[in-house]
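Coordinate analysis (summary)
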Amino acid sequence: MIEATGLTKHYGRTVAVDNLSFTVSEGKVTGFLGPNGAGKSTTMRMILGLDRPTAGDVRIDGQHYWDLHQPLRTVGALLDAKWVHPNRSARAHLRWLAAATKLPKRRIDEVLDLVGLTAVADKNAGGFSLGMSQRLGIAAALLGDPKVLLFDEPVNGLDPEGILWIRKFMHKLADEGRTVFVSSHLLSEMAQTAQDLVVIGRGKLIHQGTVDEFIAHATESTVLVRSPELEKLGEYLLAAGAGISDDGDALRVSGMDSPAIGELAAARQITLHELSPQVGSLEQAFIQLTGDSVEYRTVETGRLAPDVAASQEERA
Amino acid sequence: MTTLLATERIKLFTTRSPWWSAFLALGLTIGFAALVGLNHNGGPLTVEHSQFGMQFGLMVVSVMAALAITTEYRFATIRATFQAVPKRTSVLVAKTAVVAVLAAVIGEVAAFGSWVTTYAIDGGPEMAITTGADWRMVAGVGLVYAIASVISVAVGTLVRQSAGAISILLIWPLLVENLVQLIPGIGDDIHDWMPFTVAGRFLNGTGPDAPMGPWASLAYFAGVAAVLLVASLVVANKRDA
Amino acid sequence: MTLLAVERIKLFTTRSPWWCTLIALVLTIGFGALMAGTSDEAIAPLNVAATQFGYGFGLVVVMVMATLAITTEYRFSTIRATFLAVPNRPSTLVAKATVVAVLAAVVGEIAAFGSWGIAGAIKPNVDLAINTAYEWRAVAGVGLVYALSAVVAVAVGVLIRHSAGAIAVLLIWNQLVEPLVQLIPRVGDDIHKWMPFNIANKLVTGNPDPTTRDVLQGPPPSDAVLGPWPAIGVFAAFAAVLLGIAIVVANRRDA
């Protein structure tokens, strides 16, 4: 189990992580979701004791990382597959890690076999493709047979076969009762891999819960309404406490479900041409929740901003 | 600690740079000794002649030692290292120890290799290692290399960049310590306390003006290395990896 | 011309040349000030050459800067982007060497005249007017030596491609190999007379008769047998040959 409480990290005047609290539980894959630059990697580095938190605390099974005895037996992590010396062979890379943790040599062959690198084990890691580097990183993470595993964007840049392999692998690890914490900026990926989600944006916690909750929460009942008396209907809806936004020749209504809108329209004798509940996609949900907290956005998604900001204020 | 020493030993010897450095250091020192020996005329060859190339090896070893830590920062394996062993002080002390042992071995092989080479060319009674000064001049090389390598690891840890660390480590003993002498009045007094100058006095004799005897000189050089090492440990512990 | 602009932008949009420039100027001028401030009229009166004691500091820092200008391109693989943008590798490398050399020359001149100026300010009563050809070379020659040394450094950087290796080779050569060569009996002194940096130093330190000069009257004099101007010509040829070799190698090699 990983517990973060009030985790904060400043780099100079930049706030990378801001008062972040969450828990990651055993036997599940927990997704760590957020746009690029949201503070995911920083958080993972703090979990591993590599970066010192400016404030707050993070513990693994109740202990600080630096108090763990032979930490690779408790926590395995793949933060960046390129953290290897290019002129050192894959086997030698695992050999020194094993030596630091007093693991038997045969464990090196086991993990090499597990990730399918046995054939190239004596080649220098500098010549590896991204997929091979990723496998080497996973081998290093698994070396100490740890209960807790962290992966930072493990599928980035992988081919479909590699993505499938990693996804299955993480499920297998979770099924074995391990804590698996995996970050991604792709919600679709998380939806297929994770059971729980920790969602952050601009270093702040946006949501923690199951994937299903997140989707339900994020795509919260907006209803598309079309009517010849749109303006009048809008006023009534606002008066009744709903949120509205223009969507071309229709209104998008939030905070009120379709039966309630239909009854309200009937009571005011307003004709409706369309009354359709909108089931948001995962991506929509994600953008809606994190839109305001995207660090670097394109102009196009920028157009969404006022909407999203409004919906976030509402929720707050 | 033995675990950490084994870890750092594996790390050091599974890259090419220590092998290259050892090869270069030995080639330069012994090769230079051969050059000096072969071209010598007028008077017998002495023990001192065999050690003229000592500084080549010293500089190469300094570069090797600095790279042992700066490449960890360069390739971010320092993070993997601190992930495997979060006790940073222990890790860095182990690394320093392994590097220093290698430096000492290179120094001894270089020094005795140079001596054997010149002895083979023209071994007279002047080439015999008899006095304490003779022994220091030859066997002391390994000690000086080892301590210098500690300074290199410390500077490498502080600077974290190969280019910067190597520039400092080469410019300091080769240029700064020499130019300081030129300052009128106080230059010589400052020069007397420059660490590599003092280390040189341990090897080559102290001369009449030296502030310290040979072993005190070595102790002073070791003290400078220890202070730098402690400073680098404090900084590495405070810093994000 | 475009290429020069490209290389100029590349050089000045990273921090290392600024840092190196600053360090080179502070070390040379600072050391010049220190030497001037502590000089004693009774022992060795300050003269024009003696204001240039920090010359060696600036030289090594400028060479480090010039090396980094090319090795960091290999380090961050921007050399590939460079060769994609301009597939003509010789032109690119010549442009880079030119830009780096110009910066080195500017640093050298500022360092030299800065040291001279600060010495004059510290000791206003000493006559530091630059009159003779030797005095002119001792001060204004610094920029030329720095510029050619920077070309050597760029060439070595292209050949070795690693910052650590290239810097180690250049500094160990310049500061250790050349002086230690003199220790070789019989032939050592003759070899030393033809060592490239020793020859280059002739321009700056080459008093018509260096043996008559006191140690405290400027940086160690060169014992090269050539006159000051032929000497710098030979050093320039040496730099050009090295750059030529580097270009041939870079052209044949995969980027």
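Residues numbered from 1 in each chain as written. Chains lettered and ligands numbered in written order. Predicted model: local features only at pLDDT ≥ 70, side-chain atom pairs only at ≥ 80, totals over all residues. Heavy atoms only, no water.

Side note on the overall build of chain A
Scanning chain A from N- to C-terminus turns up 12 helices and 13 strands. Sorting the 316 residues of chain A into buried and exposed places 50% on the buried side. The contacts of chain A with a sequence gap of at least 6 include a subset with a gap of at least 24, amounting to 69%. A total of about 14,300 Å² of accessible surface is found on chain A, and carbon and sulfur atoms cover 50% of it. (Helix = DSSP H or I, 4+ residues; strand = E, 2+ residues; numbered from the N terminus. Buried < 20%, exposed > 50% of the residue type's maximum accessible area, 1.4 Å probe, protein only. Contact = heavy atoms within 4.5 Å. Areas by Shrake-Rupley, 256 points an atom, 1.4 Å probe, with all protein chains shown as cover.)

Topic: the nonpolar core
The biggest cluster of nonpolar side chains holds 238 residues, and the ones touching the most others in it are A:L94, A:L150, A:F151, A:F181, A:L197 and B:L170. Counting 13 residues, the second-largest nonpolar core is a separate cluster that includes A:L230, A:M256, A:L264 and A:I270. (Core = buried A, V, L, I, M, F, W, Y, C linked by side-chain atoms within 4.5 Å.)

Things to note about the interface of chain B and chain A
Facing 26 residues of chain B, the contacting portion of chain A comprises 28 residues. Overall, the association of chain B and chain A removes approximately 2,500 Å² of surface from exposure, summing both partners, and the carbon and sulfur fraction of that is 59%. When the buried surface of chain B facing chain A is broken down by residue, B:F75, B:Q83 and B:D240 rank first, second and third, together holding 24% of it. For the interface between chain B and chain A, the tally reads one salt bridge. (Buried area = accessible area lost by both parts, 1.4 Å probe. Salt bridge = Lys/Arg side-chain N within 4 Å of Asp/Glu carboxyl O.)

Some thoughts on the sheet that holds strand β4 (residues 55–60) of chain A
Whether parallel or antiparallel, the strands of a sheet pair through hydrogen bonds between backbone atoms. Residue and element names in this part refer to chain A. Strands sit in the order β2-β1-β4 across an open sheet of three strands; the sheet is antiparallel. A single partner strand is all that each edge strand has here, and the edge strands are β2 (14–24) and β4. Mean inter-strand twist for the sheet, computed between neighbouring axes without regard to direction, equals 20°. Strand direction decides the pairing type here: strand β1 (residues 2–11) and β4, joined by five bridges, are antiparallel. Its bridge partner lying in β4, A4 is registered against V58. (Pairing = 2+ DSSP bridges. Axes fitted to C-alpha atoms, helices over the stretch in contact; angles between N-to-C directions.)

Considerations on the sheet that holds strand β12 (residues 250–254) of chain A
All names here are of chain A. Ordered in space as β11-β12-β10-β13, the four strands form an open sheet in which the pairing is antiparallel. Edge positions in the sheet fall to β11 (243–247) and β13 (274–278), since each has one partner strand and no second. For this sheet the average axis-to-axis angle between neighbouring strands, irrespective of direction, equals 25°. Direction of pairing for strand β10 (residues 222–226) relative to β12: antiparallel, over a ladder of four bridges. Residue pairing for β12: T222 is matched across the bridge by S254. Those strands touched by helix α9 (residues 258–267) are β10, β12 and β13, and its axis lies near 160° from that of β13.

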